[in-house]
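Each chain is listed here by its residues.
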Amino acid sequence: MFGLRPYPNSIVMEEGKKEMGSRLVQELAMSGRDAPTSYIQRDPLRQINSPPHTSAQVPVIDLNRLSQSDGADESVKFRDALQSWGLFLAVNHGIPSSFLDEVLNLSTEFFHLPLEEKQKFANLVDGKEFKLEGYGNDIVLRDDQTLDWNDRLYLLVQPEDQRNLDVWPTNPVSFRDVLHTFGKNTQTVRAQILRAMAKVLELKEDCFVKQFDEKANMYARFNYYPLCKRPDLVFGLKPHADASAMTILLLDKEVAGLQVRKNAEWVDVPVFPDSLLVVIGDGIEIMSNGIFKSPIHRVVANSEKERLSVVMFSALDPEKNLEPLDELIDETRPRMYKTVKTKDYLADHFKHFAEGKRTLDFYKI
Ligand SMILES: O=C(O)CCC(=O)C(=O)O
Ligand SMILES: [Fe+2]
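As annotated in an unreviewed UniProt entry, the chain carries the name 2-oxoglutarate (2OG) and Fe(II)-dependent oxygenase superfamily protein and is attributed to Rhynchospora pubera. In its Sequence similarities (unreviewed entry) section, the UniProt entry covering the chain states "Belongs to the iron/ascorbate-dependent oxidoreductase family."

**Side note on the nonpolar core**
Judged by nonpolar contacts, the single largest core of 73 residues is most densely connected at Phe78, Phe88, Ile193, Met197 and Phe208. Take this core: its biggest share by element is 11 residues, from helix α7 (residues 175-200). Apart from residues no more than four positions distant in its own chain, Phe208 is found in contact with Leu194, Met197, Ala198, Leu201, Ile284, Met287, Ser288, Leu325 and Leu328. With 20 residues, the next largest nonpolar core counts Trp85, Val260, Leu277 and Val311 among its residues.

**Points about the pattern of salt bridges**
Pairing between side chains becomes possible if they bear opposite charge and their charged atoms approach one another. Enumeration according to the criterion identifies 14 salt bridges in this entry. Among the salt bridges present, the one from Lys343 reaches Glu319, with a minimum N-O distance of 3.0 Å. Pair noted here: Lys343 is in helix α9 (residues 342-355) and Glu319 is in the loop between β15 (307-315) and β16 (321-322), with a separation of 24 residues, a long-range link. Residue class for Lys343 comes out partly exposed when judged on its relative accessible area of 25%. On the basis of relative accessibility, which here comes to 44%, the residue Glu319 falls in the partly exposed class.

**Let's talk about the packing of helix α4 (residues 72-85) against α7**
Two numbers describe how α4 lies on α7: the axes approach to 10 Å, and their chain directions differ by 95 degrees. In terms of axis orientation, α4 runs roughly perpendicular to α7. When α4 is examined against α7, the residues Ser75, Phe78, Arg79 and Leu82 are found in contact with a partner set consisting of Ile193, Ala196, Met197 and Val200. Here the residues of the contact of α4 with α7 sort into 6 nonpolar, 1 polar and 1 charged.

**Details of the UniProt feature "domain: Fe2OG dioxygenase" (unreviewed entry) in the chain**
Per the UniProt record, "domain: Fe2OG dioxygenase" (unreviewed entry) is annotated on residues 215-316. Overall, residues 215-316 shows 6% helix and 47% strand. The separation of its end C-alpha atoms is 7 Å.

**Concerning the coordination of the iron ion (ligand 2)**
For the iron ion (ligand 2), the protein coordination sphere consists of His240 (NE2), Asp242 (OD) and His297 (NE2), at 2.1 to 2.2 Å. Mapped onto the sequence, the donors of the iron ion (ligand 2) take the spacing H-x1-D-x54-H. One end of the pair, Asp242, is in the loop between β9 (235-240) and β10 (246-251); the other, His297, is in strand β14 (residues 297-300), and 55 residues separate them in sequence. A single burial state applies to Asp242 and to His297, both of which are buried.

**A closer look at the packing of helix α5 (residues 97-111) against α7**
Look at α5 against α7: their axes get within 10 Å of each other, and the N-to-C directions meet at 135 degrees. Considered as vectors, α5 and α7 are oriented oblique to each other. Crossing hand, α5 versus α7: left-handed. When α5 is examined against α7, the residues Phe99, Leu100, Glu102, Val103, Leu106 and Phe110 are found in contact with a partner set consisting of Phe175, Val178, Thr181, Phe182 and Asn185. Its residues assigned to classes, the contact of α5 with α7 shows 8 nonpolar, 2 polar and 1 charged.

**Side note on the sheet that holds strand β3 (residues 87-91)**
Reading across from one edge, β2-β3-β13-β10-β15-β8-β7-β6 is the order of the 8 strands in this open sheet, with mixed pairing throughout. With partners counted over all chains shown, the strands left at the sheet margins are β2 (60-62) and β6 (134-136), one partner each. Neighbour-to-neighbour, the strand axes of the sheet open up by a mean angle of 25 degrees, direction not taken into account. Lying on the sheet, α4 is in contact with β2, β3 and β13 (276-280); it crosses β2 at an angle near 140 degrees.

**Here we look at the confidence of the model for the chain**
Detailed reading of the predicted coordinates is not advisable wherever pLDDT is low. On average, residues of the chain score 89 in pLDDT, and 89% of them are at 70 or above. Every residue in residues 1-8 scores below 50 in pLDDT, and together they form 42 contacts with partners more than four places removed in sequence or on other chains. In the model output, the complex is listed with pTM 0.92 alongside ipTM 0.99.

**Concerning α4**
Spanning 14 residues, α4 covers 19 Å between terminal C-alpha atoms, matching the ideal 20 Å at 1.5 Å per step. Taken together, the buried positions of α4 are occupied by Glu74, Ser75, Phe78, Ala81, Leu82 and Trp85. Across the axial projection of α4, the buried residues extend over an arc of 145 degrees, all falling on one side. Away from its buried face by more than 90 degrees, α4 exposes Ala72 and Val76.

Criteria and cut-off values
- Residues numbered from 1 in each chain as written.
- Chains lettered and ligands numbered in written order.
- Predicted model: local features only at pLDDT ≥ 70, side-chain atom pairs only at ≥ 80, totals over all residues.
- Heavy atoms only, no water.
- UniProt positions renumbered as here; feature names shortened; annotations may be inferred.
- Core = buried A, V, L, I, M, F, W, Y, C linked by side-chain atoms within 4.5 Å.
- Buried < 20%, exposed > 50% of the residue type's maximum accessible area, 1.4 Å probe, protein only.
- Helix = DSSP H or I, 4+ residues; strand = E, 2+ residues; numbered from the N terminus.
- Contact = heavy atoms within 4.5 Å.
- Salt bridge = Lys/Arg side-chain N within 4 Å of Asp/Glu carboxyl O.
- Axes fitted to C-alpha atoms, helices over the stretch in contact; angles between N-to-C directions.
- Parallel < 35°, antiparallel > 145°, perpendicular 65-115°, else oblique.
- Nonpolar A, V, L, I, M, F, W, Y, C, P; charged D, E, K, R; others polar.
- Donors = N, O, S within 2.8 Å, 3.2 Å for Na, K, Ca; no water.
- Left-handed = near helix turned anticlockwise from the far one by under 90°.
- Pairing = 2+ DSSP bridges.
- pLDDT = per-residue confidence, 0-100.
- Expected span 1.5 Å × (residues − 1).
- Arc of directions from axis to C-beta.

Have a look at this one:
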């Protein structure tokens, strides 16, 4: 989804709306009843079952080769992936596969806990005050909002001193430690990618990496997609672009479902064990002055298998301005986006996501 914390980070939902939003999808799925109308896609342009027609395949990039002196061909692939796809599957990223398995297993264990156990970390207080962090589902801001068929756990991971441990699960017991380590690992992978981005644009190596200072935000979003009886009518996650600067995802090892929009078609992101999926967010699209693309993507629901993803969103310090790098503006490539404070962009995105609009469009010059 949008991924990041809006400001303020706690909102009281209106009467009527809270009934729409306070049910967990897992409960709905277990009840065996049909999906409530609030989950049904009403927009005819958003056909769910449009099967991918294309033979285009999501690029796979070897991160280790990118940094080596003989990695020129990999750099060409990398640049093309960022410009024409806005995402790629990263292999040789340096995180041991046994650790990635642990992250996925613990996440599954959490979602399989009894409801009362998970509710201890709920994002909804007294059934109406919606907190951005914690376990639950979408805040409902509008009567005509279409909800998504997933429950999630959403946690600020960095800066470390701003963590809200009240909503960090203590069950499974190693959950917190593993998330802490995964956050550090993701940060290392992020730095590797940001340096490689600078290199392919022939810029100073640290020009992107230095934007992510110690106040930069990293959020984890654990998405759980229960079985859905009507995947033809309901999205696991509706089409959106990420408002982050960069998103690094650990996807389910067995069940696909994520699709990316490419050349006016939906392309499946394949199951690819031990890889990480790297998605450019609006932040990097803006900083790169539109050279790198923040792609539209969505998750289709599944009537036979549940699915899980662990998503790490990176954004700048909320107080920092988001704007194109000076080095990427000239007469041939004029500035394409207005300057906006990161926290204002995120707040806007939060509103636009509920309305089904794309935030980036409001900042184009
Ligand atoms: O679950 C997935 O595969 C994608 C999740 C996603 O796009 C998001 O959380 O922003
Ligand atoms: Fe996303």
